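Below, each chain spelled out in residue letters.
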Amino acid sequence: MASDWRKNCKLTINMEFDSGFQFTILDTEMKGFREIPSAAEDECKNVFSFTGFSGSTTYTLSLPGPSRGNFNLKSSPGI
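For clarity, every value in this text was computed on a predicted model and none was experimentally measured. (Residues numbered from 1 in each chain as written. Predicted model: local features only at pLDDT ≥ 70, side-chain atom pairs only at ≥ 80, totals over all residues. Heavy atoms only, no water.)

1. So, the nonpolar core
Here's step 1: Of all hydrophobic cores here, the largest spans five residues; its members are Ile 36, Cys 44, Leu 63, Phe 71 and Leu 73.
Here's step 2: In this structure Leu 73 touches Thr 28, Glu 29, Met 30, Cys 44, Lys 45, Asn 46, Tyr 59, Thr 60 and Leu 61, once residues within four positions along its chain are discounted. (Core = buried A, V, L, I, M, F, W, Y, C linked by side-chain atoms within 4.5 Å. Buried < 20%, exposed > 50% of the residue type's maximum accessible area, 1.4 Å probe, protein only. Contact = heavy atoms within 4.5 Å.)

This is the structure:
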């Protein structure tokens, strides 16, 4: 069943810093393995958001079937 193959991962980073400091996310890289049957499709999605700020930045990699092998989603949000 397709739902048995679904995987989700959420990474939350709690940061504490003094007033006046700033930070940014320059680059991220998500690597994985896919095995997608014929007549199916999937996607790898990377969503960046910050508590207290509206909006988000999304990077998506489409993974059409049939395919099998490694994938790599590189993101450069600069936020």
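From this point, the discussion proceeds with the structure in view.
2. Regarding the side chain of Ser 67
Here's step 1: You can see Ser 67 is positioned in strand E4 (residues 67-75).
Here's step 2: A relative accessible area of 16% places Ser 67 in the buried class.
Here's step 3: Within the local environment of Ser 67, its side chain forms a polar contact with the backbone oxygen of Pro 64, the two atoms lying 3.0 Å apart.
Here's step 4: Contacts of Ser 67, omitting those with residues within four sequence positions, involve Arg 34, Glu 35 and Ile 36. (Helix = DSSP H or I, 4+ residues; strand = E, 2+ residues; numbered from the N terminus. Polar contact = N/O pair within 3.5 Å; in protein donor to acceptor, adjacent residues only side chain to side chain.)

3. Considering the packing of aromatic side chains
Here's step 1: The tally for this structure, following the rule as stated, stands at three aromatic pairs.
Here's step 2: An angle of 70° between the planes, with centres 5.3 Å apart, marks the rings of Phe 17 and Phe 23 as edge-to-face.
Here's step 3: Owing to a relative accessible area of 44%, Phe 17 belongs among the partly exposed residues under this scheme.
Here's step 4: Phe 23 sits in the partly exposed class, given a relative accessible area of 36%.
Here's step 5: Here the aromatic rings of Phe 48 and Tyr 59 are separated by 6.1 Å at their centres, their planes lie at 90°, and the arrangement is edge-to-face. With Phe 48 in strand E2 (residues 41-48) and Tyr 59 in strand E3 (residues 57-64), the pair connects residues that are eleven residues apart, well separated along the chain.
Here's step 6: Put simply, the rings of Phe 17, Phe 23 and Phe 50 pair up and form one aromatic cluster. (Phe/Tyr/Trp six-rings, centres within 6.5 Å; stacked < 30°, edge-to-face > 60°.)

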